[in-house]
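Each chain is listed here by its residues.
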Amino acid sequence: MPCNVCKSNVSPTKKITCSFCGQFFHKSCLSTFNKNKDDPQNWTCDECEQNIIIKKNVTSRKNRQGNDKIMNTHDEGNKTSIDINEIKSSIDIILNKLDCLTTSYSSIEKSVSFLSDKVDEYNTKLQSIVQKVKDFDIRLNAYENKIDILKGNNNITEQAKLGNNLDITGIPKTTNENLKLVVSTLAKIVNVEVKEEHIDKTYRLRHKNENNSRIIVEFTNKEIKNNLLTAINPELKQKCLS
């Protein structure tokens, strides 16, 4: 049989056979064979040794991948179990919140019903108040009409009284003067009889110079005023008579 290295025939005493591939080799052609250590019965050539190492590595890698898949499957199972527990917990939380919302809704519904009743009550009271305001407005208008009538009557009276007034100027003011007496004295000077009972009111108008302020005399009737006025100024007699 030829040597797988040098290709020459190998004698039985000098050969060594690969236990894996069965090829023959000269012991002298093998650099890896150590006759003191290697067992000729279980020896493998370099090529087969490399193939065995490669196969072992592949097998080891496959085993590791298989283990990884098993671990991943286990982890995924754990994750699935954890996810289910989390989902259950979330569902419980949601259900509790729904219960709270239901309770809150019932409370709100009662509050709304209560407020609705109160609104109806307030609307009834408001309508009553509005009606009272309308009634008061009617009464107020009636009072305003009466006041206007009274004002009109008062204006007529005031206008009539203004016709009895006499404006006197040029009489100096004295201390503690009696204006009715002053007017009566003035009437005597012009020969007109004017008694104090003929005079309703007398007063001085305010003026910067109080000594020369005007005297306003309000007589009880227009005739007495005209008599005094024409006596003081005869030219006004015709006007007063007219």
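Residues numbered from 1 in each chain as written. Predicted model: local features only at pLDDT ≥ 70, side-chain atom pairs only at ≥ 80, totals over all residues. Heavy atoms only, no water.

*Asks:* When you look at the overall build of the chain in this model, what are you seeing that I'm missing?
*Replies:* The helix and strand tally for the chain stands at four helices and five strands. Listing every helix and strand of the chain by position from the N terminus yields β-β-α-β-α-β-β-α-α. Looking at the chain residue by residue over its 242 residues, the buried ones come to 16%. In the chain, once contacts between residues fewer than 6 apart in sequence are set aside, the share between residues at least 24 apart is 41%. In the structure as shown, the chain presents an accessible area of about 19200 Å², 54% of it carried by carbon and sulfur atoms. (Helix = DSSP H or I, 4+ residues; strand = E, 2+ residues; numbered from the N terminus. Buried < 20%, exposed > 50% of the residue type's maximum accessible area, 1.4 Å probe, protein only. Contact = heavy atoms within 4.5 Å. Areas by Shrake-Rupley, 256 points an atom, 1.4 Å probe, with all protein chains shown as cover.)

*Asks:* Is there a simple way to think about the nonpolar core in this case?
*Replies:* Within soluble globular proteins, side chains that are nonpolar generally end up buried alongside one another. The biggest cluster of nonpolar side chains holds 14 residues, and the ones touching the most others in it are Ile 168, Val 183, Val 194, Val 217, Phe 219 and Leu 228. Where this core is concerned, the elements lending two or more residues are strand S3 (165-168), helix H2 (179-189), strand S5 (215-219) and helix H3 (222-232). For this core, the leading source of residues is H2, giving four residues. Excluding anything up to four places from it in sequence, Ile 168 contacts Val 183, Leu 186, Arg 214, Ile 215 and Val 217. (Core = buried A, V, L, I, M, F, W, Y, C linked by side-chain atoms within 4.5 Å.)

*Asks:* Even after reading the chapter, I still don't get the pattern of salt bridges, so can you show me in this structure?
*Replies:* Once their charged atoms are close, side chains differing in charge can pair, the charge on each being opposite to the other. With the rule as written, the count across this model stands at five salt bridges. Here Glu 193 and Lys 195 are joined by a salt bridge, their closest N and O atoms 3.9 Å apart. Lys 195 gets classed as partly exposed once you look at its relative accessible area, which sits at 39%. One network of salt bridges, with partners in common, ties together Lys 118, Glu 121 and Lys 125. (Salt bridge = Lys/Arg side-chain N within 4 Å of Asp/Glu carboxyl O.)

*Asks:* Please explain H3 as it appears in this structure.
*Replies:* Given 3.6 residues per helical turn, the α-helix brings residues three or four places apart onto the same face. Residues Ile 224, Lys 225, Asn 226, Leu 228 and Thr 230 constitute the buried set of H3. The backbone nitrogen of Glu 223 lies 3.2 Å from a side-chain oxygen of the residue at the head of H3, namely Asn 221. (Polar contact = N/O pair within 3.5 Å; in protein donor to acceptor, adjacent residues only side chain to side chain.)

*Asks:* How do you make sense of unusual backbone geometry when you look at a structure like this?
*Replies:* Excluding glycine, most residues fall at negative phi; most peptide bonds, likewise, are trans. Phi is positive for Asn 176, which is not a glycine, with a value near 55 degrees. Within the secondary structure, Asn 176 sits in the loop between S3 and H2. Within the chain, Asn 191 stands out as a residue other than glycine whose phi angle is a positive 65 degrees. Tracing the chain through its elements places Asn 191 in the loop between H2 and strand S4 (199-204).

*Asks:* Quick question: what am I supposed to make of the side chain of Asn 164 here?
*Replies:* Examined against the element boundaries, Asn 164 turns out to sit in the loop between helix H1 (46-162) and S3. Judged by relative accessible area, which is 14%, Asn 164 ranks as buried. There is a polar contact of 3.1 Å between the side chain of Asn 164 and the backbone nitrogen of Lys 222. The residues touching Asn 164, leaving out its near neighbours within four places in the chain, are Val 217, Glu 218, Phe 219, Thr 220, Asn 221, Lys 222 and Lys 225.

*Asks:* Quick question: what am I supposed to make of H2 here?
*Replies:* Taken together, the buried positions of H2 are occupied by Leu 179, Val 183, Ser 184, Leu 186 and Ala 187. What you see down the axis of H2 is that its buried residues fit within an arc of 160 degrees, all on one side. Across H2 from its buried face, at more than 90 degrees, point the exposed residues Lys 188 and Ile 189. In this fold, the buried residues of H2 make contact with S3, S4, S5 and H3. Asn 191 sits one or two residues past H2 and shows a positive phi near 65 degrees. (Arc of directions from axis to C-beta.)

*Asks:* What is the right way to read a nonpolar patch on the surface from this model?
*Replies:* On the surface, Ile 87, Ile 91, Ile 94, Leu 95, Leu 98 and Leu 101 cluster together into a nonpolar patch covering about 570 Å² of accessible area. Positionally, Ile 87 belongs in helix H1. (Patch = residues over 30% accessible without salt bridge, like charges linked within 9 Å, V, L, I, M, F, W, Y side chains within 5 Å.)

*Asks:* Teacher, can you tell me more about the pairing of S5 here?
*Replies:* It is a general feature of regular strands that their side chains alternate between the two faces of the sheet. Of all five residues in S5, five are buried; the element is thus mostly enclosed. Residue alternation in S5 divides its side chains into two sets, Ile 215, Val 217 and Phe 219 and Ile 216 and Glu 218, and both sets are buried. As paired elements, S3 and S5 share four bridges and run antiparallel to each other. The residue of S5 that forms the bridge with Asp 167 is Ile 216. (Pairing = 2+ DSSP bridges.)

That is the geometry; function is a separate question.
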